[in-house]
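What follows is each chain in one-letter form.
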Amino acid sequence: MQASDFETTDFLTAPISARLLPSTSFIDDNGKLFIGSVAVSEIVKEFGTPLFIYDEENLRQNILEAKAAFSSGVAYASKAFLCKAMAALVAEYGINIDVSSLGEMYIAMESGVPGENIVLHGNNKSYAEIVFAVENGIKTVIDSSDEINLVHAVTSNLKKKCRALIRVTPGVEAHTHEFIKTGHEDSKFGFPLADSVARSAIEELRDDVYVDLIGVHSHIGSQIFELPPYAEAMAILAPIISEYGFSELCIGGGLGVPYLGNEYAPSISEWAQAAMTAAEQAGISKEVAVTAEPGRSIVARTAITCYTVGSIKDIPQVRTYLAVDGGMSDNPRPILYGSGYEVFLPSRANAVREKAVRVVGKHCESGDILVSNGFIPFDTRVGDIIATPVTGAYGYSMASHYNRLQRPAVVFVRDGNAKLVCRRESLEDLLRFDM
Ligand SMILES: Cc1ncc(COP(=O)(O)O)c(C=O)c1O
C-alpha cells in the first residue's frame, strides 16, 4: 500500500498526531517523546520491549472526567484493562467497577474495591460467580432466564438478597463491528424487549423475595462514534423505567476512541451530556440514576506499546514488512476486528513518516498484523524502537501466550517516575501450570 492509495494520507505521513498520544506527552526539540515527564527511550531501556507504557495522570484525568460527567454513578469496565494498579485507581476515586468473571471480581476486591462498588456482568455466569457476588454485596446484571433460576437457587440457599439490574437488548443497531454490537435482538446478551420477553423476566424477578431489582441495563456495542443510538435506546427503555418505578438506567459503555489521526469521537462529558438530555426528552424522571460503564474511553489513549524492530523486509512492487518482538499476543484487535492503528518512532516523534510499511509480529500466522497500513520515517532501521499509540484498551487484557511468548510488562508513568505495575512474564511462568 502506497501513500497514494489513501483518499487522504496526510494524517498517516505527517508526524503522529498529539490527539493519539497520552495527555501528558511532550516532544522535545530533538523529537524525543516524554510521557509523565520521562523519556520513552529511558523507560524502554529500563524495562525492555514489548512494553505497555501507561500515562497514570491521563488515567486519573479520565476517571475524574467520567465521575463528574455521570454524577449519579459510573463503573469502569475492567475488561478493557485490569491489573491491581488499575483497580486501585478505581478504588481511590470511589467509582464503581464492572467485572465479567470470578477472576475480575477477585482482582477488584484484592485491590481494595468494596463489593458494593462492583457490578457483575456475563451471559453465562457460574454458580460460584453468583455465590461470590451475593456473599460480597456485588450488584448482578441478570442476563438470561436460566440465570434467574441460578440466582434464585443461590440466594435461597444463602438466605441473602441479590441487588440486581436486568440486561435488556433494546433492538438498536450501533454502527460498529459485528463482533462488538450487542444492542440488537440477535445477540447472546440480555432479554429482548420484543414479545414481552424482558417484561416477563422483570415480573418474575420482582416476585422473587431474594432479588432487589433496581433497574435496567443496556449496552448497545463498543467503539461507537455517534451518540444518537444511545438516545434511541433510552427512548425505547423509558416506558419500562417508569412503569416499574426503577431507580437506575445503565447505558453500558461503548463510547468510541480515535485510533487513527482522521478519526474523531465525542468526549466522555459530551456522551454523558447527550445521555442526560436524551433521558429528559424520553420523560425519565430526574430521580432515576442514569449510569454508564466506559472501558475503552477511559484507558485506550492513555497507553502506547513499544516494540523493537527485528527485521525489515522489502518486497519490491509489493510492500515492506516491518517485524517486531510482539504481535497478536499483545494486541489481537487487528486480527479480531481488522482494527487500524498508526505507528511512529518515540525517538523521532516529530518526524514525517514517508515510508509505507505493514507492521507484523513474530507469531506463526500471516494474520499476525499490528498495523496494516503504517508509515514510518525512511531511515528506520533494525534495532529501532517503534510504538503503536492508543493501545491501553483490550491489548494487555486480551494478551495470550501464543507461541509461548511471555506477556509484556506494564509500566505506569507519572511525575518523572516510571513504576513497574505488571512484571514481564518469565520462562518459568510458562511452566507454572504444567504438572
Ligand atoms: C456490558 C458492558 N459494559 C461496558 C463495556 C465496555 O465497553 P467499552 O470498552 O467499549 O466502553 C462492555 C464491553 O464489551 C460491556 O460488554
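Residues numbered from 1 in each chain as written. Predicted model: local features only at pLDDT ≥ 70, side-chain atom pairs only at ≥ 80, totals over all residues.

Trainee: Honestly, helix 3 (residues 56–69) in this entry has me stumped. Any pointers?
Mentor: Turn by turn, an α-helix covers 3.6 residues, leaving residues three or four places apart pointing in a common direction. A rise of 1.5 Å per residue sets the reference length of helix 3, with its 14 residues, at 20 Å; its end C-alpha atoms lie 20 Å apart and thus fit the reference within 8%. Burial in helix 3 covers these residues: Glu56, Asn58, Leu59, Asn62, Ile63 and Ala66. Take helix 3 and look down its axis: the buried residues cluster within an arc of 160°, on one side only. Each element contacted by the buried residues of helix 3 is listed here: strand 4 (51–55), strand 5 (75–77), helix 4 (84–93), helix 10 (268–281), helix 11 (296–299) and strand 19 (409–414). (Helix = DSSP H or I, 4+ residues; strand = E, 2+ residues; numbered from the N terminus. Expected span 1.5 Å × (residues − 1). Buried ≥ 20, exposed ≤ 12 C-beta atoms within 10 Å, placed from the backbone. Arc of directions from axis to C-beta. Contact = placed C-beta atoms within 7 Å.)

Trainee: Teacher, can you tell me more about the pairing of strand 8 (residues 139–142) here?
Mentor: Burial along strand 8 is two-sided: the residues Lys139 and Val141 and Thr140 and Ile142 are all buried. In the sheet, strand 7 (residues 118–120) pairs with strand 8 via two bridges, with the strands oriented parallel. Within the sheet, the bridge partner assigned to Leu120 lies in strand 8 and is Thr140. This β-α-β element, strand 7 to helix 6 (residues 127–135) to strand 8, shows right-handed connectivity. (Pairing = 2+ DSSP bridges. Right-handed = clockwise from strand over helix to strand, strands pointing away.)

Trainee: Would you mind showing me how to read the site of the ligand here?
Mentor: If you check the shell around the ligand, you find 16 residues, and the closest are Ala77, Ser222, Gly253, Gly295 and Arg296. Residues of the shell around the ligand, tallied by class, amount to four nonpolar, eight polar and four charged. (Near = placed C-beta within 6 Å. Nonpolar A, V, L, I, M, F, W, Y, C, P; charged D, E, K, R; others polar.)

Trainee: Could you clarify how one ought to interpret the environment of Ile298 in this entry?
Mentor: Turning to its location among the elements, Ile298 is positioned in helix 11. Given 31 C-beta atoms within a 10 Å radius, Ile298 is considered buried. Once the C-alpha coordinates of Ile298 and Gly395 are considered, the two residues, 97 residues apart in sequence, prove to be 14 Å apart. Residues within four places of Ile298 in sequence aside, it is in contact with Asn62, Ile63, Ala66 and Tyr76.

Trainee: How do you make sense of the sheet that holds strand 2 (residues 33–35) when you look at a structure like this?
Mentor: Where strands meet in a sheet, backbone hydrogen bonds hold them as pairs that are either parallel or antiparallel. If you trace the three strands from one edge of the open sheet to the other, you get 1-2-3, paired in antiparallel fashion. At either end of the open sheet lies a strand with only one pairing partner, and these are strand 1 (26–27) and strand 3 (38–39). Note: strand 2 against strand 3, two bridges, orientation antiparallel. For Phe34, the partnering residue across the bridge sits in strand 3 and is Ala39.

Trainee: Explanation requested: the packing of helix 9 (residues 228–243) against helix 10 in the structure shown.
Mentor: A pair of packed helices is captured by two measures, namely the crossing angle of their axes and the spacing between those axes. The interhelical angle for the contact between helix 9 and helix 10, taken along N-to-C directions, is 30°, at an axis separation of 9 Å. With respect to helix 10, the axis of helix 9 lies roughly parallel. Pair helix 9 / helix 10 crosses with right-handed handedness. Contacts from Tyr230, Ala231 and Met234 in helix 9 reach Ala274, Ala275, Ala278 and Ala279 in helix 10. The class makeup of the residues in the contact of helix 9 with helix 10 is seven nonpolar, no polar and no charged. (Axes fitted to C-alpha atoms, helices over the stretch in contact; angles between N-to-C directions. Parallel < 35°, antiparallel > 145°, perpendicular 65-115°, else oblique. Left-handed = near helix turned anticlockwise from the far one by under 90°.)

Trainee: Where do I start with the domain arrangement of the chain in this structure?
Mentor: By a frequent convention, interface size equals the accessible area lost on bringing the separate parts together. Taken domain by domain, the chain consists of domain 1 (3–54 + 301–430) and domain 2 (56–299). Computed from C-alpha atoms alone, the centre-to-centre distance between domain 1 and domain 2 is 31 Å. Contact with domain 1, which involves 31 residues of that partner, is made by 24 residues of domain 2. Elements supplying a minimum of two residues to the side of domain 1 that touches domain 2: helix 1 (10–13), helix 12 (333–337), strand 19 and strand 20 (417–422). (Domains from an automatic or database assignment.)

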